[in-house]
Amino acid sequence: MKLSDAARVLRSKNAGPLALTIDILFQDRDGYDLAADSSALTRAAISNLYGLPEDQVELTHVPMALAIKVTMPRPIVAGTPGDRDVYGAQQHRPLLDIEL
């Protein structure tokens, strides 16, 4: 199953001018458990997908909220010349097709 099929909400946004956060929210416990236990959604897998060192990816599981949060540095400071996504709203795209 693709992450985009299991998640109810999959969005990214700025977490200040230097970081991005990706929220993954699930409709039910089964979807959350599938994603939380998947080797495709680990710090190592996400760092590889985004081309970052593993120690720059923070992965937070919030089972009570059926949510997973990913935080990582922005490739460029928000709003500076060369920034192509000032709000960080399109940075979740690489996660959409992950197979859990």
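Use the structure listed above.
Described below are features of the structure shown in this document. Since the model is a prediction, treat every value here as computed from it, not as a measurement.

## What to know about the nonpolar core
Counting 22 residues, the largest nonpolar core has L3, I24, F26, L41 and L95 as its most contacted members. At the level of secondary structure, the elements contributing two or more residues to this core comprise α1 (3–6), β1 (7–14), β2 (19–26), α2 (29–36), α3 (43–50) and β4 (67–73). Among all residues touching L41, those that are not within four sequence positions of it are L3, I24, A35, I46, L59, I68, L95 and I98.

## Quick word on the pairing of β2
By the criterion of burial, β2 is predominantly enclosed, with eight of the eight residues buried. Of the two faces of β2, the one holding A19, T21, D23 and L25 and the one holding L20, I22, I24 and F26 are both buried throughout. Sheet topology note: the β1/β2 ladder contains seven bridges and is antiparallel. Bridge pairing in β2 places L10 opposite I24. Hairpin connection between β1 and β2: a loop of four residues separates the two successive antiparallel strands, and G16 in this loop has a positive phi of roughly 95°.

## Quick word on α3
Listed in full, the buried residues belonging to α3 are I46, S47 and Y50. Buried positions in α3, seen along its axis, are confined to an arc of 100° and lie on one side of it. Looking at the packing, one finds that the buried side of α3 touches β2, β3 (58–62) and β4. Positioned one or two residues after α3, G51 has a phi angle of 70°, which is positive.

## Describing the pairing of β3
Summarising the sheet, β3 and β4 pair through five bridges and their orientation is antiparallel. Counted as the bridge partner of L59 is V70 from β4. Two successive antiparallel strands, β3 and β4, enclose a turn made up of four residues, where L66 displays a positive phi of approximately 50°.

## Overview of the pattern of salt bridges
Using the criterion set out here, one finds seven salt bridges in the structure. Between K2 and D97 there is a salt bridge whose closest N-O contact spans 3.7 Å. Here D97 lies in the segment after β4 and K2 lies in the segment before α1, a separation of 95 residues in the sequence. For D97, a relative accessible area of 42% puts it in the partly exposed group. Here R74 and D83 are joined by a salt bridge, their closest N and O atoms 2.7 Å apart. Taking the relative accessible area as the measure of exposure, R74 reaches 10% and is therefore buried. Connected via shared salt-bridge partners are R11, K13, D23 and K69.

The rules behind the values
- Residues numbered from 1 in each chain as written.
- Predicted model: local features only at pLDDT ≥ 70, side-chain atom pairs only at ≥ 80, totals over all residues.
- Heavy atoms only, no water.
- Core = buried A, V, L, I, M, F, W, Y, C linked by side-chain atoms within 4.5 Å.
- Buried < 20%, exposed > 50% of the residue type's maximum accessible area, 1.4 Å probe, protein only.
- Helix = DSSP H or I, 4+ residues; strand = E, 2+ residues; numbered from the N terminus.
- Contact = heavy atoms within 4.5 Å.
- Pairing = 2+ DSSP bridges.
- Arc of directions from axis to C-beta.
- Salt bridge = Lys/Arg side-chain N within 4 Å of Asp/Glu carboxyl O.

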